[in-house]
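Chains, contacts and geometry: an overview
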Amino acid sequence: MAWRDWIRTVEVEPSLYAADFARLGDEVDVLLRAGARIFHFDVGDGHFVPPVTIGPVVLRSITPRVHETGGVMDCHLMVDNPEHHFRQVAEAGGDSVTLHYEASANPQQTLAVAREHGLGVGLAFNPQTEPEAVAAVAAGFDLVLCMGINPGYSGQAFMPETLGRVERLRAALPDETHIQVDGGVGEDNIRDLYERGASLFVAGSSIFGREDLPRAYRRLVQALA
């Protein structure tokens, strides 16, 4: 299986970094029943981004219930030396890893290492990086992730200039490379992001910050309809 098999035209990905970790398994189950199929799993190392976040131990605990229903774990590595983590992610049940352009001296070489572990692979970039620079080294990646915030902390406000950056990225990439957006995605901008070329939408506080998680998820899906 690969990204071309996982994506149903577009996907809203609940970002587990924003979940209630006292009820993580239950919240995953609720969203699976609501129709979510791809879950976004953020790993921060305290170096590339300030916070140390969740890692393979937590990933291993939830992947069985996600995989049982045909779901996918999409792991966003906000870390230095991302290749050092690929084996652990794969062994913990991760299906795909996304590394940062800013954290890899040779993205193509790092891509090859991830493929050796049977992983899907994405290439992320921060708001300060030009989309065309990333597109120039993105051959062979399944997706390119355009950050709508500075990476590290959930709940930040969406940067409006992200819309133009997605549009520039779409123009610079081949059609088969998916564009993902992470950070500040909500009902007020998800349709605009789609119309500019994105097909994968990571949603943290716009789902987990609501009392009714299934309703919050479905409202984002409906905004794309």
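**Quick look at the overall build of the protein**
Broken down by element type, the protein carries ten helices and eight strands. By the compact-globule yardstick of 17 Å for 225 residues, the protein fits well, its C-alpha radius of gyration being 16 Å. Projecting the C-alpha coordinates of the protein onto the three principal axes gives extents of approximately 40 × 35 × 35 Å. Looking at the protein residue by residue over its 225 residues, the buried ones come to 56%. Put simply, 65% of the contacts in the protein that link residues at least 6 apart link residues at least 24 apart. Summed over its atoms, the accessible surface of the protein is roughly 9600 Å², and 47% of this surface lies on carbon and sulfur atoms.

**Considering helix H3 (residues 56–68)**
An α-helix turns once per 3.6 residues; consequently, residues spaced three or four apart project the same way. Taking 1.5 Å as the rise per residue, H3 with 13 residues should run 18 Å; its terminal C-alpha atoms sit 18 Å apart, in good agreement. Of the residues one or two after H3, Gly 70 is the one with positive phi, at around 85 degrees.

**Quick word on the nonpolar core**
The tendency in soluble globular proteins is for nonpolar side chains to be buried as a group. Leu 16, Phe 39, Phe 41, Val 97, Leu 193 and Ile 207 are the most contacted members of the largest nonpolar core, which totals 56 residues. Those residues in contact with Leu 16, other than ones at most four positions away along the chain, are Phe 21, Leu 24, Val 28, Phe 39, His 40, Phe 41, Ile 62, Met 73 and Phe 208. If you look at the next biggest cluster of nonpolar residues, it comprises eleven residues, including Ile 7, Val 72, Ala 124 and Leu 200.

**What to know about the packing of helix H2 (residues 24–34) against helix H10 (residues 213–224)**
Contact pair H2 / H10: the axes reach a minimum separation of 9 Å and the direction vectors enclose 45 degrees. Here H10 runs oblique to H2, going by the angle between their axes. Here H2 and H10 pass one another in a crossing that is right-handed. Contacts from Glu 27, Val 30, Leu 31, Arg 33 and Ala 34 of H2 reach H10 at Leu 213, Pro 214, Tyr 217 and Arg 218. When the residues that make up the contact of H2 with H10 are grouped by side-chain class, the tally is six nonpolar, no polar and three charged.

**Considering the sheet that holds strand E3 (residues 72–78)**
With parallel pairing, eight strands are arranged side by side in an open sheet as E1-E8-E7-E6-E5-E4-E3-E2. Two strands bound the open sheet, and with one partner strand each, they are strand E1 (11–14) and strand E2 (38–44). Averaged over all pairs of adjacent strands, the angle between their axes in this sheet comes to 25 degrees, without regard to strand direction. As paired strands, strand E6 (residues 143–147) and strand E7 (residues 178–182) are joined by five bridges and run parallel to one another. Bridge pairing in E7 links Met 147 to Asp 182. Each of strand E4 (96–100) and strand E5 (120–125) touches helix H5 (residues 107–116); the most contacted strand, E5, lies at about 150 degrees to it. Of the strands in this sheet, E1 and strand E8 (200–203) touch H10, which is tilted by about 155 degrees from E1.

**Thoughts on the side chain of Ser 206**
Here Ser 206 shows up in helix H9 (residues 205–208). For Ser 206, a relative accessible area of 12% corresponds to the buried category. For Ser 206, the side chain forms a polar contact with the main-chain oxygen of Val 185, separated by 2.9 Å. If we ignore the near neighbours within four places in the chain, the residues touching Ser 206 are Val 185, Gly 186, Ala 216 and Leu 220.

**So, the packing of aromatic side chains**
Evaluation of the coordinates by the stated rule reveals one aromatic pair. Arranged with centres 5.0 Å apart and planes meeting at 70 degrees, the rings of Trp 3 and Trp 6 form a pair that is edge-to-face. Note that Trp 3 and Trp 6 are positioned in helix H1 (residues 3–6) at a spacing of three residues, about one turn of the helix.

**Some details on the pattern of salt bridges**
Per the stated rule, a full pass over the model turns up ten salt bridges. Across the pair Arg 23 and Asp 20 runs a salt bridge whose closest N-O atoms are separated by 3.1 Å. Accessibility expressed as a relative area gives 32% for Asp 20, which makes it partly exposed. A salt bridge links Arg 115 to Asp 142; the nearest nitrogen and oxygen atoms lie 3.0 Å apart. Remark: Asp 142 occurs in the loop between helix H6 (131–135) and E6 and Arg 115 occurs in helix H5; sequence separation between them is 27 residues. Residue Arg 115 is classed as partly exposed on the basis of its relative accessible area of 33%.

Cut-off values and rules
Residues numbered from 1 in each chain as written. Predicted model: local features only at pLDDT ≥ 70, side-chain atom pairs only at ≥ 80, totals over all residues. Heavy atoms only, no water. Helix = DSSP H or I, 4+ residues; strand = E, 2+ residues; numbered from the N terminus. Rg over C-alpha atoms; globule rule 2.2 N^0.38 Å. Buried < 20%, exposed > 50% of the residue type's maximum accessible area, 1.4 Å probe, protein only. Contact = heavy atoms within 4.5 Å. Areas by Shrake-Rupley, 256 points an atom, 1.4 Å probe, with all protein chains shown as cover. Expected span 1.5 Å × (residues − 1). Core = buried A, V, L, I, M, F, W, Y, C linked by side-chain atoms within 4.5 Å. Axes fitted to C-alpha atoms, helices over the stretch in contact; angles between N-to-C directions. Parallel < 35°, antiparallel > 145°, perpendicular 65-115°, else oblique. Left-handed = near helix turned anticlockwise from the far one by under 90°. Nonpolar A, V, L, I, M, F, W, Y, C, P; charged D, E, K, R; others polar. Pairing = 2+ DSSP bridges. Polar contact = N/O pair within 3.5 Å; in protein donor to acceptor, adjacent residues only side chain to side chain. Phe/Tyr/Trp six-rings, centres within 6.5 Å; stacked < 30°, edge-to-face > 60°. Salt bridge = Lys/Arg side-chain N within 4 Å of Asp/Glu carboxyl O.

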